[in-house]
Amino acid sequence: MNELGTIVGQIIITMLSAILVENLVLSRFLGMCPFLGVTQKTSTAAGMGVAVAAVLMIVAALAWIVNVTLLVPNNLEFLQTMSYILIIAAVVQFLETVLRKFIPPLYKALGIYLPLITTNCAVLGIPLINTQRGYDFGMTLVYTLGAGLGFAMALVLFSGVRERMAKSDIPASLQGVSGALFAATLVSMSFFGFQGLFAK
Amino acid sequence: MSTQAEVPFTFVLPKEKAPKPKAIVIAGLVKENPTLKMVLGCCPTLAVTTAAPNGLGLGLATALVLTMSNFVISLLRNVIPDKVRIPSYIVIIAGFVTIIMYVLKAYFPALDKSLGIYIPLIVANCILLARAEMFASKFGPFSSALDGLAMGIGFTIALFSIATVREILGNGTWFGIPMTPHFFSPAVLLILPPGGFLAFGIVMVIMNYLTRGKVGGDVACATCNPENSHCAPDSILGGKA
C-alpha cells in the first residue's frame with residue numbers, strides 16, 4: 001500500500017513538474033515556432049496544441065522502444081538523434097495519411113498542423129530528454145503526457161493574451177512578433193513562480 | 001560558376017545562376033540574417049543566450065553543420081528524388097549534427113554540458129532545412145557551402161551579441177570574467193527564461209524600428225505558419241498529391 005502511494009506520488013510530481021515547472025515553451029524554449037506562429041487565434045492554438053501533444057505521445061513511446069530494443073543492445077546510441085527524427089517524420093506522415101483516409105473531420109481540424117510538427121524541436125526534444133534522464137516506459141509516458149499538456153496549455157493561454165493585444169492600439173514597431181515576445185515575457189514570468197514548487 | 005561543373009546534369013538544372021560570392025556573404029551576414037531578419041531558429045536564440053560562450057559555441061556548431069550539410073545536399077541535389085527530399089535533407093543534417101555532437105563531447109566537455117540537448121536539437125532548427133530548400137537544392141556545392149557559412153556566421157553574430165548583453169547585464173560577467181563595477185547589481189531576470197523573451201523582444205523592436213517594420217512582422221517564426229511555411233513544405237515525405 002505504501003509502495004503504491006510512493007508510485008502515485010511520483011507520477012503526480014513528474015506530471016505537474018512537466019506541466020508547470022519545466023513547461024516546454026515557457027522555461028525550456030522548445031517549440032517556439034508554433035508558440036509565436038499560430039497563437040493569433042485561440043482555436044488554431046488549441047488545434048496545434050492537441051496535435052503536438054498527440055504526436056508527442058506516439059513518438060516518445062516509439063522512440064523508447066527503438067532505443068531500448070535496437071540501439072542500446074547494439075551499442076548504436078550515436079544513432080539516437082537520427083532515428084528519433086526519422087520516427088517523427090514517419091509518424092507524422094502516417095498520421096496524415098490515416099487521418100485523411102479514415103477520420104476526415106479530425107484531419108480537417110488537425111491536418112494542417114501535422115507537417116509543421118516535423119521541424120518542431122519540442123517533438124524531438126522530449127524523446128531526447130526522456131533518454132537522457134533514463135526514464136522507464138511508464139515514466140516516459142507520464143512525463144511526455146505532462147509535457148504535451150503543458151505545451152497545449154501555454155499555447156492556449158498565450159493566444160488569449162494575443163487576442164486581447166490585437167484589439168489594442170500599440171506602436172507599429174511593437175506589432176507582430178516583437179510585441180508577442182514582450183507578452184511572452186510576462187506569461188513566462190508568471191510561470192516562473194512555479195519554480196521550486198517541488199524540492200529537487 | 002560552379003553550377004557548370006556537373007556537365008551531364010546541366011539539363012536538369014534550373015536556369016537560375018548562383019549569386020556572386022560577395023552577394024552571398026552580404027545576404028548571410030546582413031540582408032537576410034537568419035535570426036535578425038528572417039527570424040528563423042528562435043528556440044536556440046532564446047535558450048542558449050544566457051552566457052556569451054554558450055551563444056558563440058552553439059552558433060559556431062550550427063554554422064559548421066550548415067556549411068557541410070549545404071555542401072553535401074548541393075552535391076546530391078540531382079540524385080535525390082523530389083518526393084523524398086525533405087527526409088533526405090533531414091538525414092544528412094542529422095548525420096552532421098551527430099558528428100559535431102561527439103566532437104564537442106570529446107574536446108569541449110564543459111560546453112557540451114552547458115548546451116545539453118540543444119546540440120542534438122540543431123537538427124530541428126528551421127535555418128538548416130530552409131537553406132537546404134531555398135539555396136542548396138538549386139545551386140552548386142561551392143556557392144552552397146559559402147551560403148551555409150555566411151548564414152551560419154550571421155546566426156553566430158546574432159546569438160553572440162544577444163548572449164553578451166544578457167550575460168553582462170544579467171550576471172555582471174563576460175566569458176565568466178567580472179565586467180561591471182561593484183555597485184552594479186546584476187538584473188538576474190535577464191539570464192532567467194523570461195529574460196530570453198525580453199532580450200529577443202527588444203532586439204526585434206530595434207530591428208523593426210530601423211527597417212520601418214519591414215522585418216519580422218508576420219514573416220517571422222510564422223514561416224512555420226500553416227498558410228506560408230517554407231521551413232516545413234507541403235508534406236514531409238512529399239506524399240501530398
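Above this text sits the structure in question.
Residues numbered from 1 in each chain as written. Chains lettered and ligands numbered in written order. Predicted model: local features only at pLDDT ≥ 70, side-chain atom pairs only at ≥ 80, totals over all residues.

Asker: Describe in detail the overall build of chain A, supporting the description with residues and values.
Answerer: Check the secondary structure of chain A and you find eight helices and zero strands. When the helices and strands of chain A are placed in sequence order, the string is α-α-α-α-α-α-α-α. Since a compact globule built from 200 residues should have a radius of gyration of about 16 Å, the 18 Å found for chain A is in line with a globular shape. Its C-alpha atoms give chain A principal-axis dimensions of roughly 60 × 45 × 35 Å. Per-residue burial over chain A gives 46% buried out of 200 residues. Within chain A, counting contacts between residues at least 6 apart in sequence, those at least 24 apart form 77% of the total. (Helix = DSSP H or I, 4+ residues; strand = E, 2+ residues; numbered from the N terminus. Rg over C-alpha atoms; globule rule 2.2 N^0.38 Å. Buried ≥ 20, exposed ≤ 12 C-beta atoms within 10 Å, placed from the backbone. Contact = placed C-beta atoms within 7 Å.)

Asker: A description of unusual backbone geometry should follow, citing residues and the corresponding values.
Answerer: Note: most peptide bonds trans; most residues except glycine with negative phi. Residues and elements named next belong to chain A. The backbone of F29 shows a phi angle near 60 degrees, a positive value even though the residue is not glycine. With respect to the element layout, F29 can be found in the loop between α1 (2-21) and α2 (32-37). The exposure class assigned to F29 is buried, which follows from the 27 C-beta atoms found within 10 Å. One non-glycine residue, N75, adopts positive backbone phi at about 55 degrees. Structurally, the position occupied by N75 is in the loop between α3 (42-71) and α4 (80-102). Since 7 C-beta atoms lie within 10 Å of it, N75 is described here as exposed.

Asker: Please set out the interface of chain A and chain B residue by residue, giving values where relevant.
Answerer: Taken together, the contact pairs 45 residues of chain A with 50 residues of chain B. When residues of the side of chain A that touches chain B are traced back to their parent elements, those giving at least two are α2, α4, α6 (121-133) and α8 (177-192) of chain A. If one sorts the elements of the side of chain A that touches chain B by residue count, α8 of chain A sits on top with nine residues. For the side of chain A that touches chain B, a count of residues per class yields 29 nonpolar, 15 polar and one charged. (Nonpolar A, V, L, I, M, F, W, Y, C, P; charged D, E, K, R; others polar.)

Asker: Could you give an account of the packing of α3 of chain A against α4 of chain A, naming the residues involved and the relevant values?
Answerer: Any two packed helices are characterised by the angle at which their axes cross and by the distance between the axes. Residues and elements named next belong to chain A. Put simply, α3 and α4 touch, their axes get as near as 10 Å, and they point 135 degrees apart. In terms of orientation, α3 lies oblique with respect to α4. The interaxial crossing formed by α3 with α4 has right-handed handedness. Contact with α3, carried on its side by V55, I58, V59, L62, A63, V66, N67 and L71, involves Q80, S83, Y84, I87, I88, V91, V92 and L95 of α4 and no other residues of that element. Class assignment for the residues of the contact of α3 with α4 results in 13 nonpolar, three polar and no charged. (Axes fitted to C-alpha atoms, helices over the stretch in contact; angles between N-to-C directions. Parallel < 35°, antiparallel > 145°, perpendicular 65-115°, else oblique. Left-handed = near helix turned anticlockwise from the far one by under 90°.)

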